[in-house]
Amino acid sequence: MIDASVLVVDDDASIRTVIAQALRRDGYRVSAAASLTQLRAEIGAALPDVLITDVVLPDGDGLEMATKLRAEHPGLPIIVLSAQNTLTTAVRANEAGAFDYLPKPFDLDVLGMAVKAALARRTSAPADPGEAIDANLPLIGRSPAMQDVYRVIARVVSSDLTVLISGESGTGKELVARALHDLGPRRRAPFIALNMAAIPRELIEAELFGHERGAFTGAAQRVAGKFERAAGGTLFLDEIGDMPMEAQTRLLRVLQSGEFTTVGGARTIRADVRIVAATNRDLASLVQANAFREDLFYRLNVVPVALPALRERRQDIALLARHFLNRAAEEGLPRRSLSADAVAALEGHDWPGNVRELENLMRRCAVLGRDERISADELRGSFGDATRSLAPADGEGAIDGAVRAFLRRLANDSPQALDDGTLYDRVIAEVERPLIEAMLERHGNNQLRAARALGINRNTLRKRLDDLAIEPGMARTPPR
């Protein structure tokens, strides 16, 4: 028995039971409560070593209670669980002083590690609750991949740590940078963005640091650079991988010393900015190719945020599409909605342009469509030949056709299987095995990531591996 107690607060009896059983197996003493009133009673009787609480409870808000408890018991680690999987919830949990935030559904192993880490890192320093955050946030999505992004943002939003955002074009890197600014303590100061790929190489240093009159041909007067204009706020350096080497050297010097001089100037200026950088390139590979300074890479990569491609968060596509249609209507464009077959078509597309491509498509549909509801045929016409993944194969969806062909073979080859009560299990096994193997292969045999991609927890995945006799390490590691 571990000499530590855990209080679990959730109005769902099944969730309380599952968590309590898992923690007791790990050796913890566990008590449970179904409401804030019961929580107060339990804490009044004995303060637990760790508190695990849901947000929405029958008699109030778990995060508001967490804020009060942290003020009363600053050494109490609080782990927040929530089915309201938004950036707002993650940030509110962080502001309430929560040790960790886990969106539902969560993996019991991850929860167990969070409890262990909370016990190891208990602190008596009270959290600064800060100001309330506007719920109208720029990031949308409830997928596990986006929950990971929300958790990182929530943990660093109140700091001045340098953040490096990576991801394909169109995934929303500038939106993350703006969220870090708008939700942080520098929100009232400027947010200044500079796209390295859009500025001639010879002008990047002047754009960043400003220049004095006469510093070069055409410099008729002193001009403040982005560092000066962003004073007190955030400087967002987009496409940092395209920064020329000489400018990298000057940027590194600023990050090391916190000071800079203008081009052609001698006076030292204090750089009071938070740096957020972004790239759609592999900076580590650029370092290996001597195209990017290794020391600058480490200075920028203090907190990495990897944005998922839209095809890696397909469960967010319908939510995003409806959001963009609503935004278009608010801007005066015709109000339109999505049919069920349109949603299926959107979710089946590979989205090489990511969220930006989806937004542009929805705006185009809002302008050009005639009917109130958008159909799959209309989407195919809007996408054109470049998006054949939306087109059906031989008049029916590829998966649907494969299943029908399989069932026809099954009926012809083994007609007795249609009557012996095993058909459902056989069909599910035929589909489930290659699906699980494909996800394990895609994620390099990492069961936690594969389970997240499948939308199940790791315990369920382990059981299916056993039931289907799949060796956990049989999948090939994807090529790098």
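Basis of the calculations
- Residue positions are counted from 1 within each chain, in the order its sequence is given.
- Reporting of local features is limited, given that this is a predicted model, to residues whose pLDDT is at least 70; pairs of side-chain atoms are given and counted only at 80 or more, and all residues count toward the totals for whole chains, interfaces and linings.
- Computation of side-chain values: all heavy atoms of the structure, hydrogens and water removed.
- A run of DSSP states H or I qualifies as a helix once it reaches four residues; a run of E qualifies as a strand once it reaches two. Both are numbered from the N-terminal end.
- With a 1.4 Å probe rolled over the protein chains alone, any residue whose accessible area is under 20% of its type maximum counts as buried; one over 50% counts as exposed, and the rest are partly exposed.
- A contact between two residues is defined here by any heavy atoms of the two lying within 4.5 Å.
- Where accessible areas are quoted, they stem from the Shrake-Rupley method and a 1.4 Å probe; at the residue level, only the protein chains shown are allowed to cover.
- Note on pairing: two strands pair once DSSP finds at least 2 bridges between them.
- Note on method: axes are straight lines fitted to C-alpha atoms, helices fitted across the in-contact stretch only, with angles between N-to-C directions ranging 0 to 180 degrees.
- On a scale of 0 to 100, pLDDT captures the predictor's confidence in every residue.
- Under the pairing criterion, centres of Phe, Tyr and Trp rings, with the six-membered ring standing for Trp, must be within 6.5 Å; the plane angle then separates stacked pairs below 30 degrees from edge-to-face pairs above 60, leaving the rest tilted.

1. Structural notes on the overall build of the chain
Move 1: On a plain count of helices and strands, the chain comes out with 20 helices and 16 strands.
Move 2: The 480 residues of the chain split such that 46% are buried.
Move 3: In the chain, once contacts between residues fewer than 6 apart in sequence are set aside, the share between residues at least 24 apart is 71%.
Move 4: Of the roughly 24,300 Å² of accessible surface on the chain, 50% is carried by carbon and sulfur atoms.

2. Topic: the sheet that holds strand β3 (residues 50-54)
Move 1: Sheet architecture is open: five strands sit in the order β2-β1-β3-β6-β7, paired in parallel fashion. At either margin of the open sheet sits one strand with a lone partner, and together these are β2 (29-33) and β7 (100-103). On average, adjacent strands in this sheet sit at an angle of 20° to one another, irrespective of strand direction.
Move 2: Of the pairings in the sheet, the one linking β3 to strand β6 (residues 78-82) comprises four bridges and is parallel in character. Pairing of L51 across the sheet is with I78, part of β6.
Move 3: Strands β3 and β6 of the sheet are contacted by helix α3 (residues 62-72), whose axis makes an angle of about 175° with β6.

3. Looking at the confidence of the model for the chain
Move 1: For the chain, the mean per-residue pLDDT works out to 83, and 85% of the residues sit at or above 70.
Move 2: Counted against residues more than four places away or in other chains, residues 123-135, with its pLDDT under 50, gives 22 contacts.
Move 3: In this model, residues 475-480 is a region of pLDDT below 50 whose contacts with residues beyond four sequence positions or in other chains number 11 contacts.

4. What to know about the packing of aromatic side chains
Where two aromatic rings form a pair, the distance of their centres and the angle of their planes describe that pair.
Move 1: What the rule picks out here adds up to five aromatic pairs.
Move 2: Ring plane angle 25° and centroid distance 6.1 Å describe the contact between F191 and F236, whose orientation is recorded as stacked. Here the residue F191 occupies a position in strand β9 (residues 191-195), and F236 occupies one in strand β10 (residues 234-238), the gap between them amounting to 45 residues. One exposure class covers both F191 and F236, and it is buried.
Move 3: Between F209 and F227 the ring centres are 5.4 Å apart and the planes differ by 10°, which places this aromatic pair in the stacked class. Taken together, the positions of F209 in helix α8 (residues 204-209) and F227 in helix α9 (residues 226-229) put the pair 18 residues apart, joining distant regions of the chain. The same class applies to F209 and to F227, which are both buried.

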